[in-house]
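# Structural features, examined
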Amino acid sequence: MEQLLFAGGTIVAGVFGCVAWFWGSNWVLDGLYPPRGVDAGRNILRANMIRPWLFIGPAVLFLSLYLVYPVVNSAWRSLLDADSRAFVGLDNYRWLMGDVKFRESIFNNMLWLLVVPAASTFFGLLAAQVTDRIRWGNAAKSFIFMPMAISFVGAGVIWKFIYDYRAEGQEQIGLLNAIWTSLGHPPETWLTLPFWNNFFLMAVLIWIQTGFAMVILSAALRGIPEETIEAAILDGANPWQLFFKIKVPQIWGTIAVVWTTITIVVLKVFDIVFVMTNGQWGTQVLANLMYDWMFRGAPDYGRGSAIAIVIMALVTPIMIWNIRNARREML
Amino acid sequence: MSAIAGTKARLVWVVNLAALALVLLWTIPTFGLLVSSFRDRDQIANSGWWRASMSSEATSFVRAGTAADQAQEGELWVTAGNVLTEGQNLSAWGTNSRDPAAYAPGDVAELKDGQALSVAEDGTYRLTSPTEFTDQRGMRIFLTTTAPPKFTTGNYARVIGAEGLGQAFINTFTVTIPATIIPILIAAFAAYALAWMEFPGRALLIAGVVGLLVVPLQLALIPLLKFHNEIGLGKGYMGIWLAHTGFGLPLAIYLLRNYMVGLPREIIESARVDGATEFQIFRRIILPLSFPALASFAIFQFLWVWNDLLVATVFLGNRKEQLVMTGVLRELLGSRGGDWEILAASAFISIAVPLIVFFAMQKYLVRGLLAGSVKGG
C-alpha cells in the first residue's frame, strides 16, 4: 500500500515537475524577452530561437543519458578488462572469436534471423489475406493478434506446457507429446533435442509476432487500389495469381518494414531463451550470453560489453536504413 | 460466369476453414493453460487438459492394515478398512504391481497360505487369513480409480498468497504506471517542437530519434546501473522509472511527432496570429487533438513495461518481495518447473491485465502500429 502511495506521489510529482518546467521556463523566457515594447520584434525572434530547446530539452537530456551515453560507454567498456579497470584493446573481441558459446550464439541468432521474420511475415500475410475475406474477420484478427499482449515470460510458460514431457507409459500432459505419441512415436523431450530445440523456441516468437505482421499487412492489402485488382480479375487472373503477382508486389515496402522490425526483435531476443532453456542444450543466443557474462557468477563487464556491441553492430544496418527512409519521407 | 461463382463458393469455404485453423492454432496454447489453471493438482498431473471435462483415471496403491489392526472372527483373522479417499471411484484393483488391475470391484482374490482379499466397489476391503497376521507393514493393494472432473480456484488463492504473486502484482503496478505517464509528458512537448517549431538541428534530432528506436536495451544495462549507483539512486523504483522513461522516449517522440505533423496547419497558424503563446497552443490545441496518438503510445508503453523482465531484473532488487510478476514467474519456472497448477495460475494472473488492456484498447493499439511505429524489446 505504502509503495502505491509512493508511486502515486511520483506520478503527481513527475507530472507537476514537467508542467512546472515547461510552464515556468516559458514564463521566464517571456519575461526576459517580452513580446511587446520597443524591442518586440527582436525579442520575439530571440525567444523563438530559444523556445524549441525548452520544449525538447528534457527529452534530449533523457535520450543522451539513457541511450546515447550507454552506447558510447559500452563501446569503451568492451575495450577494458573484467572490472573495467585496465585497457586491454581488442582482447575481448579476440576472445569472442575463439569462444565456443559465442559461435553457438551467433549460429543460433542467424538461424533465428532466417526463420522467425520469414515465418512471421508468411503467417501474417496468410492471416491478413484470409481474415480480410470473411465475415468474422475482425474477431479472428483479435485472437491471432492477442499473443502480442502476452509477455515473453508468460508465453514461455504457455509453450513449456505444450512441450511438457512425461516418461514413456505415463499419460502425456503436453499437447505436442500427446499428439506425437498418439501417432505411435515414443515421447520426446523437445527442449533438449539438439538443433531442433531452437525451432521449438522460435515457434514462441513466431506465435507472438504473427499478429503484428498481420495487422500491418492487412492494412497494406486493403490500401491497394480497387481498380488494379478489378483490372487483374477482368484480365482473367485466378486468385493465386491475383495474390502473388498483383497484391504482394504492391506491398513490398510494407513487407520490408515488417521484416526488418521483426528482425530487430529477433536480434534482441532474450526472455524466451532465458526462461525456457537458459541457453542450455545448444540454444544459446547473443542477448542471453551477454546476460550470463554481465550478471551471473563473477561478472565480466569487458566480455559482456563486447557481446552487446556485437548486437549493436548487427542492428546498425537496419538503423541506417530506417533513418534514410524517415528522411526521404520528410522531404 | 457460373464457373466463377462456383469457384468462389468453394473458395469461401476454404478461406473460412483456413481462418478457423489459424485462430485455433493461435489460441489453443493459451486456452490450454487457462483450463489447467482451474484444474485440480492431481488431475493436471494425470491427464491432459483437453480431457479436463472427463473423469480422470489414476493408478496408485495403498497399504492394508498391519498386524496391529487385525481382529479375530471365529476361526479367521481379519483386517478391514477402506482404500478410497473421497471423490474417487474404484474401477479395478490388484495385489501385484505387474498386474495392478487384475480384479474387478467385488472380486475375491485367493492369496498364498489360504489368505483372501476382497475389495468392494465402495472401497471397503477385507483381508482374511486362517493364521494370525504378523506383518509390520500392510500388504500393498493396487488401485485403479477414476475421479470426476474437479475444478477449483484454489490454485489462484494459493499463488496470490503463498507464492508472493499478490505482492508482485502491486510491485508491477508501481513500476508500470509512472513509467507510462512520465515519458508521455516529456515526449509530447518534444514532439510538438519537432513537428511545429523551426530551429537549426531539427532534422538531425529527428534522425537521431529514429536511430535510437532500435538501440538494443542490453547495451544500456551496465552503464546505467553504474550511473545510478554513482548518483546514489542504486536499485529501486526511481531508477527503473527513469530507465523506462529513457527507453520509451524514442518511440513516444516518433509516434507523437508523426501524428502532430499531420494536424491541420491552419489551426496552429491562426492561433499564432491571434497571439496565443506556444505553450497555450500546445496545451489547448495540440494535446487534445493528439489524444489518439497519446493513447496508442500509452498502451504500447504500458504493455512493454508490464511485460518486461530484463529491465526489472537489472534495475530492481532480487529479493522475493521486490520482484515484479515476470520475475516471480521466472523464479517459479526454475523452482517449481513441474507444478503446472502453480505455473498456470501465476501466468494467468500476470497476463490478465495486459489482455484486458489489449481487448479494451485494441483500436488504439492498431492505430499506433500503423503509424509506422514499432519497438521490440
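Residues numbered from 1 in each chain as written. Chains lettered and ligands numbered in written order. Predicted model: local features only at pLDDT ≥ 70, side-chain atom pairs only at ≥ 80, totals over all residues.

With that settled, consider the overall build of chain B. Check the secondary structure of chain B and you find 14 helices and 8 strands. Taken over the C-alpha trace, chain B has a radius of gyration of 33 Å; the compact-globule value for 377 residues is 21 Å, which it surpasses by more than 25%. When contacts within chain B are restricted to residue pairs at least 6 apart in sequence, long-range pairs at least 24 apart make up 74% of them. (Helix = DSSP H or I, 4+ residues; strand = E, 2+ residues; numbered from the N terminus. Rg over C-alpha atoms; globule rule 2.2 N^0.38 Å. Contact = placed C-beta atoms within 7 Å.)

A word on the overall build of chain A. A count of helices and strands for chain A gives 14 helices and 0 strands. Computed over the C-alpha atoms, the radius of gyration of chain A is 27 Å, more than 25% above the 20 Å expected from 2.2 N^0.38 for a compact globule of 331 residues. C-alpha atoms of chain A, sized along the principal axes, occupy 90 × 70 × 50 Å. Sorting the 331 residues of chain A into buried and exposed places 42% on the buried side. Sequence separation of at least 24 residues holds for 65% of the intrachain contacts in chain A that already meet a minimum separation of 6. (Buried ≥ 20, exposed ≤ 12 C-beta atoms within 10 Å, placed from the backbone.)

This brings us to the interface of chain A and chain B. Every contact between the two is made by 89 residues of chain A and, on the other side, 89 residues of chain B. Counting residues per element, the side of chain A that touches chain B draws most heavily on helix α2 (residues 40–77) of chain A, which supplies 18 residues. Its residues assigned to classes, the side of chain A that touches chain B comprises 66 nonpolar, 16 polar and 7 charged. (Nonpolar A, V, L, I, M, F, W, Y, C, P; charged D, E, K, R; others polar.)

UniProt's feature table lists "transmembrane region" (unreviewed entry) at residues 12–35, 175–196, 203–225, 237–256, 285–306 and 342–361 of chain B, given in the numbering used throughout. Structurally, residues 175–196 of chain B comprises 100% helix and 0% strand, and the distance from its first C-alpha atom to its last is 33 Å. (UniProt positions renumbered as here; feature names shortened; annotations may be inferred.)

Turning next to the sheet that holds strand β6 (residues 116–119) of chain B. Residue and element names in this part refer to chain B. Strand order in the open sheet formed by 5 strands is β2-β3-β7-β6-β5, with antiparallel pairing between adjacent strands. In the strand order of this sheet, the two ends are held by β2 (71–73) and β5 (108–110), each with one partner. Neighbour to neighbour, the strand axes of the sheet diverge by 25 degrees on average, direction disregarded. Pairing of β2 with strand β3 (residues 76–82) involves 3 bridges; the strand directions are antiparallel. Counted as the bridge partner of Ala71 is Val78 from β3. (Pairing = 2+ DSSP bridges. Axes fitted to C-alpha atoms, helices over the stretch in contact; angles between N-to-C directions.)

Residues and elements named next belong to chain A. Here chain A is described as being made up of domain 1 (2–77) and domain 2 (92–330). The gap between the C-alpha centroids of domain 1 and domain 2 is 39 Å. At the interface, 4 residues of domain 1 touch 6 residues of domain 2. Broken down by class, the residue content of the side of domain 1 that touches domain 2 amounts to 2 nonpolar, 1 polar and 1 charged. (Domains from an automatic or database assignment.)

Let us look at the UniProt feature "domain: ABC transmembrane type-1" (unreviewed entry) in chain A. Residues annotated in UniProt with the feature "domain: ABC transmembrane type-1" (unreviewed entry) correspond here to residues 106–322 of chain A. Structurally, residues 106–322 of chain A comprises 72% helix and 0% strand, and the distance from its first C-alpha atom to its last is 24 Å.

Time to look at the UniProt feature "transmembrane region" (unreviewed entry) in chain A. Residue and element names in this part refer to chain A. With numbering aligned to this structure, UniProt lists the feature "transmembrane region" (unreviewed entry) at residues 6–29, 50–69, 110–131, 143–162, 199–221, 251–281 and 301–323. Here residues 6–29 runs as 100% helix and 0% strand, with 33 Å between its end C-alpha atoms. As a span, residues 50–69 carries 100% helix and 0% strand, and end to end its C-alpha atoms are 25 Å apart.

This part takes up the confidence of the model for chain B. Residue and element names in this part refer to chain B. Chain-level pLDDT for chain B is 81 on average; 95% of the residues reach the 70-or-more range. Confidence drops under a pLDDT of 50 for residues 373–377, and excluding neighbours within four residues, the segment shows 19 contacts in the predicted structure. ipTM for the predicted complex: 0.85, alongside a pTM of 0.82. (pLDDT = per-residue confidence, 0-100.)

Below, the discussion takes up the pairing of β6(B). All names here are of chain B. Burial along β6 is one-sided: Leu117 and Val119 are buried, while Ala116 and Ser118, pointing the other way, are not. In terms of strand pairing, β5 meets β6 through 3 bridges, oriented antiparallel. Following the sheet pairing, Val108 is matched in β6 by Ser118. As consecutive antiparallel partners, β5 and β6 are separated by 5 residues, and within that stretch Asp113 has a phi angle of approximately 60 degrees, a positive value. The turn linking β6 back onto strand β7 (residues 124–129) is made up of 4 residues, and Gly123 within it adopts a positive phi angle of 95 degrees.

Residues and elements named next belong to chain B. Packing of helix α7 (residues 237–261) against helix α10 (residues 291–307) leaves a shortest axis separation of 10 Å and a crossing angle of 155 degrees. Taken together, the axis directions place α7 and α10 in an arrangement best described as roughly antiparallel. Like other packed secondary-structure pairs, α7 and α10 cross with a definite hand, here right-handed. For the pair α7 and α10, the contacting residues are His244, Gly248, Leu251, Ala252, Leu255, Leu256 and Tyr259 in the first and Ala293, Ser296, Phe297, Phe300, Gln301 and Val305 in the second. (Parallel < 35°, antiparallel > 145°, perpendicular 65-115°, else oblique. Left-handed = near helix turned anticlockwise from the far one by under 90°.)

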